[in-house]
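In case you want the letters, here they are:
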Amino acid sequence: MAEKKYKESEANFPLYLFHEGTNRNIYEYFGAHPEKSGDGEGYIFRVWAPHAQRVSVVGDFNGWDENSNVMHRVATDHEVFELFIAGLKQYDNYKYCITTANGNHILKADPIAFHAETAPETASKLYDLSGYRWNDKQYFEELSQKNVYSSPMNTYEVNLLSWKRHADGNFLSYRDLAKELVPYVKEMGYTHVEFMPVTEFPFEGSWGYQVTGYFAVTSRLGTPHDFMYLVDSFHKAGIGVILDWVPAHFPKDAHGLYEFDGQPLYESSQWDRMEHKSWGTRRFDYGRNEILSFLISSACFFFEKYHIDGLRVDAVASMLYLDYDKRDGEWQPNIYGENKNLEAIAFLRKLNEAVFLRFPYALMIAEESTAWGLVTKPGSVGGLGFNFKWNMGWMNDMLSYTSLNPFFRMNNHNKLTFSMMYAFSENYVLPISHDEVVHGKCSLINKMPGTYEEKFAGVRAFLGYMMAHPGKKLNFMGYEFGQFKEWDYHEGLEFFLRDQYELHGKLSEYNRALNEYYKATPAMYEVEDSWAGFEWLAADDADRNIVSFIRRDKNGGEVIVLASFSGADATDYLLGVNKRGKYRIVFSSDDTKFGGEGKLNKKVLTAVKRPSHGKEYSVPIDVPKLCCLYLVREDTPSRTKSGKKAQTDKGITA
């Protein structure tokens, strides 16, 4: 009898934690799992549906008959239904037929399903996640030795459905992408990839941001094991994998979480918190413990089962503010009379605490578009607990500035420099994401004013400046070879441009070389949280649209950065420097191999005792228009990633 009570108590524990909001592994209990019983091999189903009168499992195996496999309530928890069905096999389709409190019958996909039918079909599929043999042990051993804040992070954002397509228009599968995308990202010198949402979604026009399967990767591109293979392939290439994750809202598709058991369950039941009106979606109820267990388990699931490196958490601002996208009278203040969503704040803190406790190497990145404070500080000091935040202010300022005709840039110089007023207040990622190259905003290269050649020069100057600015980097696919067309989720990128048109090919080579220089030069990434890693040389040269500054690593290695956004060359420009000596141009966006005009034939320049920019010495230089230069003082060269001093007898221009 004692043994029986112990087993019942052990079985109760996951449910106890689930209702407490602290079960981080609900995917081990809920959903459908292979099991053996006295009736043979089959699957055990469990689902949370507290308002349901009755729940049955329906599928191809029983002709979708709602009376064939009626679930029973768990004896110790009447909100949960379960049933073992013998004879089922992997890939069988199923749903839950729920009889609601008012007697209606609705069909729902399994909220914890690991696999799903391919859209437009909506059933869940049985799938056993076990059995994949991972090959990334060495990758994680090396990762555990790194300090994420002082390591290079240059991310290539990808929409897996539209990076490249087969000739007939079909998607590349996860395994196709392992063969093509992985070597491409490696060759181009990125350190990470970020996938736009791969959690199962019904409508491709949502780009994956309207999720119906929070534990299933989309079946459009293959199986869960196929996706594991893709992640594994990236890790074997030394590249980290970040997933876009959407805990802010979900769609109102009939088979999804929407009023799951006939009334609000996953969404808030409060009138002012139920919907994102302009998005036409439902908001999660962050005040309900079971929803905390659901969402935090979803996050942990992808780290545990798919070995991902990080999550970019979408639309954090929409979660934090009760009045987000609402007018007066459409929202109610919290108990303190404020517009802060206290439950969402608590959820985000618990989310980050739970993830970092189990996966200390994790990247938890907030897409937070406001001036909310302490996003990347611990919850113990009032923060949200992320370790990185997208710098949307920098992005908006820079794209606004670079889209101006150079003649008008002098009056907007603050957009080029203002980010340094707050650069160390958070741990930032500088994002030029998919959102900036759609809906008439133009592709990155088409934002640039001027002639065809000037557009390329403008992009090169911008990217050189971006790579040297404090903060980790993220750029959306297609920018690297200058696709003029806005991103279209219906089709692949126009890679033929890189192969058939000279300037596009040279821009691709520029980005490859720039990425490699960034990775190899600690001064470009090692100190990003204080002024110890950054010093302005010229922040106020608005008339000539020029900025210059120094980046430093922990050992004092330096790289001088000069960026000109002018439409005219600046002859005999005096670049103020701290010391006399020789300065070598180690990287130039104006190099002919990158599509530039090659105006800087002289690679080694000598500082003279002529004051400039508040410095006693200066380097005379003829600065090409729309150009970014990196210089290194020859007797104190910058340190390479290996810890050795960089060679100074040859310029690093490739």
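It should be emphasised that the depicted structure is a prediction, and the values quoted were computed from it without experimental measurement.

Engineer: Give me the side chain of Glu267: which residues, what numbers.
Structural biologist: The residue Glu267 is located in the loop between β15 (249-250) and β16 (275-276) in this model. A distance of 3.1 Å separates the side chain of Glu267 from the backbone nitrogen of Leu265, its partner in a polar contact. Looking at Glu267, its side chain comes within polar contact range of the side chain of Arg282, at 2.8 Å. Ignoring any residue separated from it by four or fewer positions in sequence, one finds Glu267 in contact with Phe250, Leu257, Tyr258, Glu259, Met274, Arg282, Arg283, Phe284 and Asp285.

Engineer: So what's going on with the pattern of salt bridges? Which residues, and what values?
Structural biologist: By the definition in use, this model includes 38 salt bridges. Its salt-bridge partner being Arg220, residue Glu204 comes within 3.3 Å of it at the nearest N-O pair. Placement of Glu204 in the loop between β12 (199-200) and β13 (213-217) and of Arg220 in the loop between β13 and α4 (224-236) is noted, with a sequence separation of 16 residues between them. Of the residues examined, Arg220 reaches a relative accessible area of 10% and is grouped as buried. With a shortest N-O distance of 3.2 Å, Lys252 and Glu275 are connected by a salt bridge.

Engineer: Run through the packing of helix α8 (residues 392-402) against helix α12 (residues 452-468), naming residues and quoting values.
Structural biologist: The interhelical angle for the contact between α8 and α12, taken along N-to-C directions, is 155 degrees, at an axis separation of 12 Å. Considering their axes alone, α8 and α12 lie roughly antiparallel with respect to each other. Read as a crossing pair, α8 and α12 show a hand that is right-handed. Contacts between α8 and α12 involve Trp394, Met398, Leu399 and Thr402 from the former and Phe462, Tyr465 and Met466 from the latter. Of the residues in the contact of α8 with α12, the class split is six nonpolar, one polar and no charged.

Engineer: Tell me about empty space enclosed by the protein, and please be specific about residues and values.
Structural biologist: Take a probe with the size of a water molecule and roll it over the atoms, and the empty space left behind shows itself. Tallied over the entire structure, the rule returns six cavities of 30 Å³ or more. Within this model, the largest cavity holds a volume of roughly 120 Å³. For the largest cavity, the lining is made up of 14 residues, of which Val437, Ser443, Met477, Gly478 and Tyr479 are closest to its centre. Residue classes in the lining of the largest cavity are distributed as nine nonpolar, four polar and one charged. Size it by volume and the second largest cavity reaches roughly 80 Å³. Along the walls of the second largest cavity sit 13 residues, with Asn159, Leu161, Phe201, Glu204 and Trp207 positioned nearest its centre. Taken together, the residues of the lining of the second largest cavity break down into nine nonpolar, two polar and two charged.

Engineer: Please provide a residue-by-residue account of the pairing of strand β26 (residues 570-577), values included.
Structural biologist: Where burial is concerned, most of β26 is hidden: six out of the eight residues are buried. For β26 and strand β29 (residues 617-623), the ladder comprises six bridges, and the chain directions are antiparallel. Counterpart to Leu574 in the pairing with β29 is Pro620.

Engineer: Explain unusual backbone geometry residue by residue, including any values.
Structural biologist: Residue Ala119 is joined to Pro120 through a cis peptide bond whose omega torsion reads 15 degrees. The backbone of Trp64 shows a phi angle near 60 degrees, a positive value even though the residue is not glycine. Summarising the element assignment, Trp64 is placed in the loop between β3 (54-59) and β4 (72-74). If you check the backbone angles, Tyr91 has positive phi at about 80 degrees while not being a glycine. Along the polypeptide, Tyr91 turns up in the loop between β5 (77-86) and β6 (93-99). Look at Tyr91 and you get partly exposed, because its relative accessible area is 39%.

Engineer: Quick one: what's the story with the packing of helix α3 (residues 174-188) against helix α14 (residues 502-520), residue by residue and with numbers?
Structural biologist: Running from amino to carboxyl end, α3 crosses α14 at an angle of 70 degrees, the nearest separation of the two axes being 8 Å. Here α14 runs roughly perpendicular to α3, going by the angle between their axes. Facing Lys186, Glu187 and Met188 of α3, the residues of α14 in contact are Ser508, Asn511, Arg512, Asn515 and Glu516. A per-class count over the contact of α3 with α14 returns one nonpolar, three polar and four charged.

What counts and what doesn't
Residues numbered from 1 in each chain as written. Predicted model: local features only at pLDDT ≥ 70, side-chain atom pairs only at ≥ 80, totals over all residues. Heavy atoms only, no water. Helix = DSSP H or I, 4+ residues; strand = E, 2+ residues; numbered from the N terminus. Polar contact = N/O pair within 3.5 Å; in protein donor to acceptor, adjacent residues only side chain to side chain. Contact = heavy atoms within 4.5 Å. Salt bridge = Lys/Arg side-chain N within 4 Å of Asp/Glu carboxyl O. Buried < 20%, exposed > 50% of the residue type's maximum accessible area, 1.4 Å probe, protein only. Axes fitted to C-alpha atoms, helices over the stretch in contact; angles between N-to-C directions. Parallel < 35°, antiparallel > 145°, perpendicular 65-115°, else oblique. Left-handed = near helix turned anticlockwise from the far one by under 90°. Nonpolar A, V, L, I, M, F, W, Y, C, P; charged D, E, K, R; others polar. 1 Å grid on protein atoms, 1.4 Å probe; cavity = no way out; pocket = protein on both sides within 12 Å on 5 of 7 lines; lining within 4 Å. Points joined across faces, edges and corners; volume = space filled by probe spheres on them. Pairing = 2+ DSSP bridges.

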